[in-house]
Amino acid sequence: MNKIAQHASLTLLLALLLAGLAGTAHGQVVNGGFETGALTPWTTGVQNQAAVVQSSNFNPGPVAAPGGTRFLAISNGPGQRSTAVRDIDGNSTTDYDLTTVQQTVTFNSTVSPARLVFAWNFPTSEQDQPGLYDDVFDVLTTISGNTSRVFSGSSCKNDGSSFSPYPNVPCFSSTVLNWTITGAAPISNTSLRYGVGQWQNACVEIPGTVIGSNTVTLQFRMGDQGDATYDSALLIDEVSVRDTCNAAATTLEQVTTSTGGLVEAKNGGLIFTPIDNGPAFSTDNTGTAFAFASSGNYTGDNPNVLQQVFVHDGSYSRVTGLTIAAGGSVQGVSLSGPTAGALHGRYVAIAATLNAAASRQIYRWDRQTSTLTQVTNTSACENRNPSISSDGNRIAWETTCDAYTGRGSTKKVVYSNFSGVTWSVPVNFMSAGEPAATCTGSEPRLSRGDTGNFIALVSNCRLTGNPAPLAPEIYRYSISGPSWSRITTATNASTSNFSPTIDAATSTNAGRYIYFISDGNYFNVTGGTSPEIYRYDASGTGTGTLKQVTISQAGNGYVGVRQAADGGGQYFAYEYINGSSGQFEVGTGSYNGTSLTLKLGASMNLSLGVDVGFDSSNVPSVIFLSNSDLMSPSQNADGNTEVYRARTP
């Protein structure tokens, strides 16, 4: 994965915010998933326009529930329901057709404040309407007569405008689709002109909750701002009160379990070195096998807690021939994709320092033959962040070695090919970049299904196109071309483009899709300063198609993305910082070019990298590193960095 350094400042900032959030869920919300098919014990108010629905109530649909099969829909339609005048968001603009849904909950909390966790969706017909028509919703909590607004939103707008002070919800389609809610009295015939986008996850503090017993009234409400013609619907599911924001999938598992460490006598005292897994790890295409760096003793031959490279594929194996002594370390690993016989991923590329005096080199281990080959042989410089092709015969990496680049210690990306006997002299394919002497390259990712013909990377060189980069840009290079594609053109020197990941598809679509993260706001979304996921489709002629996949509220953002080997550029794993809850969230996403679905795998105090795979049942999994204790009963009370996997059916 090797992206900790790529967003170290974000990780450090969030680490300071995330301290002390351990705990277990104690929410006593009744029918919070609405699986009874009825609202009871929830009660409705004002216009009472609410119903429990499921996918079959949406035409054309489908709309999958985040949990189970049913969820709540609150509507301000169909059409006008009332002429009563209100002002929900305080902007002096009339709000019509108000409906509320509420429940009073009594629960015990072991922390203060407790947290309200729920899944939500706000499809609206107002996307192309003038800014005045900005339908709104909010979530209120009341304790001891004190009411607080803990969450809110207003209609997505195609032009990015926001008339309401409530933040815009994400837009997921700019095409009128004309969906309708049917067979769900009293909200039947509610019109949702832009269909239904993805579900979102919220975790917010409940002001006034204390350690011990609490009684709180939870209320969801929505209204029709400025007109009473076009409809919107607030969809709610999986409502609970928790001590933390951990809403992990039931398929979550902790793969590694490390305990203990090495006790050494030094300078008249004892020094304890704990076991650590990471920060380097990488999965194969299935997500069932992974290579990782660890100081553990998983194979019985690492008693001195020295960092080694292991592969887990049902059982553990250690990379042999790579003798890492005291002071040595592993910076990065990359596991090849396809199954080779009984092996899930035959080859492992490794960036490692063998001892305190050695330079970092690139190696390849063949799991089938237990053969280690050395790709680089340099001194006084670094080789790091390797990416390997599916057949294991091409590796790309970052280097600061003048012997390979002719540019002193300036960091570039190079690649080398294996002939079956030796590795070729590294190819400095960035040599034409301007200014050649000083511009840099980083974060290389090889396409894998086609033996690595395409490389995605980040660079502040002008490798093709104008103008000269103001900030590091995302590029794609075709080795067989040879040719460059420039994917981003930042207009601000402070823009961050990072975490490129190129498809691992078959040769048909090889190199076609690139996902990456940027805060460049390339589509001019109002207030769009958060790091978001983008996807580039290189198919056809011209410059390809760039689309923004996610839209986050201010204070939130994505810090990692990895594309799956689905062959269609659709599935990926994400790593997200939820500014409302102060938690890292990891999961999988599905994007078909128009609509997006995100599935949460786990929420935690600190995530340290993600990867993705599809298992034999064709179910996506997010694999990630964390030092949080996510399982019940506890498996990581000592806070070691462990590898977790969450299947997201």
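Residues numbered from 1 in each chain as written. Predicted model: local features only at pLDDT ≥ 70, side-chain atom pairs only at ≥ 80, totals over all residues. Heavy atoms only, no water.

Scanning the protein from N- to C-terminus turns up two helices and 44 strands. Within the protein, the fraction of its 649 residues that count as buried is 57%. Taking the contacts inside the protein whose residues are at least 6 apart along the sequence as the reference set, 58% of them involve residues at least 24 apart. Approximately 23,800 Å² of the protein is accessible, and the part contributed by carbon and sulfur atoms is 49%. (Helix = DSSP H or I, 4+ residues; strand = E, 2+ residues; numbered from the N terminus. Buried < 20%, exposed > 50% of the residue type's maximum accessible area, 1.4 Å probe, protein only. Contact = heavy atoms within 4.5 Å. Areas by Shrake-Rupley, 256 points an atom, 1.4 Å probe, with all protein chains shown as cover.)

So, about the sheet that holds strand S39 (residues 571-578). Within the open sheet, the four strands sit side by side as S38-S39-S40-S41. Their pairing is antiparallel. Single-partner strands in this sheet number two, and they are strand S38 (557-563) and strand S41 (596-604). Each adjacent strand pair in this sheet contributes to an overall mean axis angle of 25°, direction not counted. Across six bridges, the pairing between S38 and S39 is antiparallel. From the neighbouring strand, Val 561 faces S39, where its bridge partner is Tyr 574. (Pairing = 2+ DSSP bridges. Axes fitted to C-alpha atoms, helices over the stretch in contact; angles between N-to-C directions.)

Attention now moves to the confidence of the model for the protein. For the protein, the average pLDDT comes to 85, and 87% of its residues sit at 70 or higher. The low-confidence segment residues 1-27, where pLDDT is below 50, has 56 contacts with residues more than four positions distant or belonging to other chains. (pLDDT = per-residue confidence, 0-100.)

Moving on, we come to the packing of aromatic side chains. Summed over all chains, the structure comprises 31 aromatic pairs. With a centroid separation of 4.8 Å and an interplanar angle of 25°, the aromatic rings of Phe 429 and Tyr 477 are classed as stacked. Residue Phe 429 is located in the loop between strand S29 (412-417) and strand S30 (441-446), and its partner Tyr 477 is located in strand S32 (residues 473-478); the two are separated by 48 residues in the primary sequence. An identical accessibility class is assigned to Phe 429 and Tyr 477; each is buried. (Phe/Tyr/Trp six-rings, centres within 6.5 Å; stacked < 30°, edge-to-face > 60°.)

Quick look at the pattern of salt bridges now. Counted according to the given criterion, the structure contains 14 salt bridges. With a shortest N-O distance of 2.8 Å, Glu 253 and Arg 645 are connected by a salt bridge. With Glu 253 in strand S14 (residues 252-254) and Arg 645 in strand S44 (residues 642-647), this residue pair connects regions lying 392 residues apart in the sequence. Accessibility expressed as a relative area gives 32% for Glu 253, which makes it partly exposed. Its relative accessible area of 10% is what places Arg 645 among the buried residues. (Salt bridge = Lys/Arg side-chain N within 4 Å of Asp/Glu carboxyl O.)

The residue after Gly 61, namely Pro 62, is reached through a cis peptide bond having omega 0°. Checked against the element boundaries, Pro 62 lands in the loop between strand S3 (58-59) and strand S4 (70-75). Note that the residue after Glu 434, namely Pro 435, is joined by a cis bond; omega there is -10°. In this fold, Pro 435 is placed in the loop between S29 and S30. Here the phi dihedral of Phe 34 falls at roughly 60°; this positive angle occurs in a residue that is not glycine. When you line up the elements, Phe 34 lands in the loop between helix H1 (8-17) and strand S1 (43-46).

Take the sheet that holds S30 next. If you trace the four strands from one edge of the open sheet to the other, you get S30-S31-S32-S33, paired in antiparallel fashion. Two strands close off the open sheet at either side, each with one partner strand: S30 and strand S33 (483-486). Taken over all neighbouring pairs, the strand axes of this sheet differ in orientation by 25° on average, direction set aside. With six bridges joining them, strand S31 (residues 454-459) and S32 adopt antiparallel strand pairing.

With that settled, the discussion passes to the side chain of Asn 31. By the secondary structure assignment, Asn 31 is in the loop between H1 and S1. Excluding anything up to four places from it in sequence, Asn 31 contacts Thr 36, Ala 38, Leu 39, Thr 40, Pro 41 and Trp 42.

Take the state of the cysteines next. What the rule picks out here adds up to two disulfides. The disulfide bridge from Cys 381 ends at Cys 401, spanning 2.1 Å between sulfur atoms. On the sign convention where negative means left-handed, the S-S torsion of about 95° between Cys 381 and Cys 401 marks this disulfide as right-handed. Taken together, the positions of Cys 381 in the loop between strand S26 (371-374) and strand S27 (383-388) and Cys 401 in the loop between strand S28 (394-399) and helix H2 (402-405) put the pair 20 residues apart, joining distant regions of the chain. A sulfur-sulfur separation of 2.0 Å characterises the disulfide bridge that pairs Cys 439 with Cys 461. (Disulfide = S-S within 2.5 Å.)

Before going further, it helps to examine the nonpolar core. Leu 116, Phe 118, Trp 120, Phe 151, Phe 220, Ile 236 and Val 239 are the most contacted members of the largest nonpolar core, which has 34 residues in total. In terms of nonpolar packing, the next biggest core, distinct from the first, is built from 29 residues, Phe 614, Ile 623, Phe 624 and Leu 625 among them. (Core = buried A, V, L, I, M, F, W, Y, C linked by side-chain atoms within 4.5 Å.)

Note on strand geometry: in a regular strand, side chains alternate between the two faces of the sheet. With seven of its seven residues buried, strand S43 (residues 620-626) lies for the most part within the structure. Judged by which residues are buried, S43 turns out to be covered on both faces: Pro 620, Val 622, Phe 624 and Ser 626 on one side and Ser 621, Ile 623 and Leu 625 on the other are all buried. Pairing of strand S42 (residues 607-614) with S43, which is carried by six bridges, proceeds in the antiparallel orientation. When the sheet's bridge partners are listed, Val 610 is paired in S43 with Phe 624. Linking S42 to S43, which pair antiparallel, is a turn of five residues; within it Asn 618 sits at a positive phi near 60°. Where S43 and S44 come together, six bridges link them in antiparallel fashion. Bridge pairing links Val 622 to Ala 646 in S44.

Turning our attention to the environment of Asn 59. One can find Asn 59 in strand S3. Residue classification places Asn 59 among the partly exposed positions, given a relative accessible area of 46%. Dropping the residues within four chain positions of it, Asn 59 is found in contact with Asn 178, Trp 179, Thr 180 and Thr 182.

Attention shifts here to the side chain of Arg 476. Examined against the element boundaries, Arg 476 turns out to sit in strand S32. A polar side-chain atom of Arg 476 sits 2.6 Å from the main-chain carbonyl oxygen of Gly 511. (Polar contact = N/O pair within 3.5 Å; in protein donor to acceptor, adjacent residues only side chain to side chain.)

This next bit is on empty space enclosed by the protein. One simple way to see leftover space: roll a probe sized like a water molecule over the atoms. Within the structure shown, the criterion is met by five cavities of 30 Å³ or more. In this model, the largest cavity occupies a volume close to 290 Å³. Trp 120, Gln 200, Asn 201, Tyr 576 and Asn 578 are the residues nearest the centre of the largest cavity, which is lined by 24 residues in total. Those elements that provide at least two residues to the lining of the largest cavity are strand S11 (200-205), S39 and S41. Top element by residues in the lining of the largest cavity is S11. It accounts for five residues. Counted by class, the lining of the largest cavity contains 14 nonpolar, nine polar and one charged residues. (1 Å grid on protein atoms, 1.4 Å probe; cavity = no way out; pocket = protein on both sides within 12 Å on 5 of 7 lines; lining within 4 Å. Points joined across faces, edges and corners; volume = space filled by probe spheres on them. Nonpolar A, V, L, I, M, F, W, Y, C, P; charged D, E, K, R; others polar.)

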